[in-house]
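Breakdown of the fold
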Amino acid sequence: MDDNIQNYRSSLVTAIGIILGFVLGFTANWAIQPVTETDWADYIIGLGLLISVVLQITALYRILNNNYPKEKAGKYYQTTLKYFITGLCCSFAGIVISIFQTIFNQ
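About the thresholds
Residues numbered from 1 in each chain as written. Predicted model: local features only at pLDDT ≥ 70, side-chain atom pairs only at ≥ 80, totals over all residues. Heavy atoms only, no water. Helix = DSSP H or I, 4+ residues; strand = E, 2+ residues; numbered from the N terminus. Phe/Tyr/Trp six-rings, centres within 6.5 Å; stacked < 30°, edge-to-face > 60°. Buried < 20%, exposed > 50% of the residue type's maximum accessible area, 1.4 Å probe, protein only. Contact = heavy atoms within 4.5 Å. Lys, Arg positive; Asp, Glu negative; His and termini not counted. Salt bridge = Lys/Arg side-chain N within 4 Å of Asp/Glu carboxyl O. Polar contact = N/O pair within 3.5 Å; in protein donor to acceptor, adjacent residues only side chain to side chain.

Our next topic: the environment of Phe100. If you trace the backbone, Phe100 turns up in helix 3 (residues 73–105). Between the alpha carbons of Phe100 and Ala41 there is a distance of 9.7 Å; along the sequence they are 59 residues apart.

Encoded structure:
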């Protein structure tokens, strides 16, 4: 299974890099917008984006780590993929809530 991880490693690193860059860019723009009053959705958005960044960085670390158990490479890769997908879902949820909040507040 070790060879299979090597085959997927560069693709996953690229995907994580693109998504993480987008989420960090969105978070930077979202955080500097002027706020007249704080809404409950702001906390959910912020928490979703924070969790997403932490999970994406964790997945990036795990996929770039060469010191993983070779005998359990498949399980290690599946866990890393779960971190990535969960982080992706958290960022998607935060961004969708932010979009709807912007639509309904205008």
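Moving on to the packing of aromatic side chains. Here the structure, examined in full by the defined rule, presents two aromatic pairs. Pairing Phe100 with Phe104 gives two aromatic rings, centres 6.2 Å apart and planes at 15°, and the pair type is stacked. Linking Phe100 with Phe104, this pair stays in helix 3, spanning four residues, or about one helical turn. According to the relative accessible area criterion, Phe100 is partly exposed, its value standing at 45%.

This brings us to the side chain of Ser91. With respect to the secondary-structure elements, Ser91 resides in helix 3. Beyond its immediate chain neighbours, meaning those up to four positions away, Ser91 contacts Val23, Gly48, Leu49 and Ser52.

Our next topic: the side chain of Arg62. With respect to the helices, strands and loops of the structure, Arg62 is situated in helix 2 (residues 40–64). No salt bridge is formed by the buried Arg62; its nearest oppositely charged neighbour, Glu71, is found at 12 Å. Within the structure, Arg62 has its side chain in polar contact with the side chain of Thr80 (distance 2.9 Å). Leaving out residues up to four positions away in the same chain, Arg62 has contacts with Tyr76, Thr79, Thr80 and Tyr83.

The values reported here are purely geometric and, on their own, carry no functional implication.
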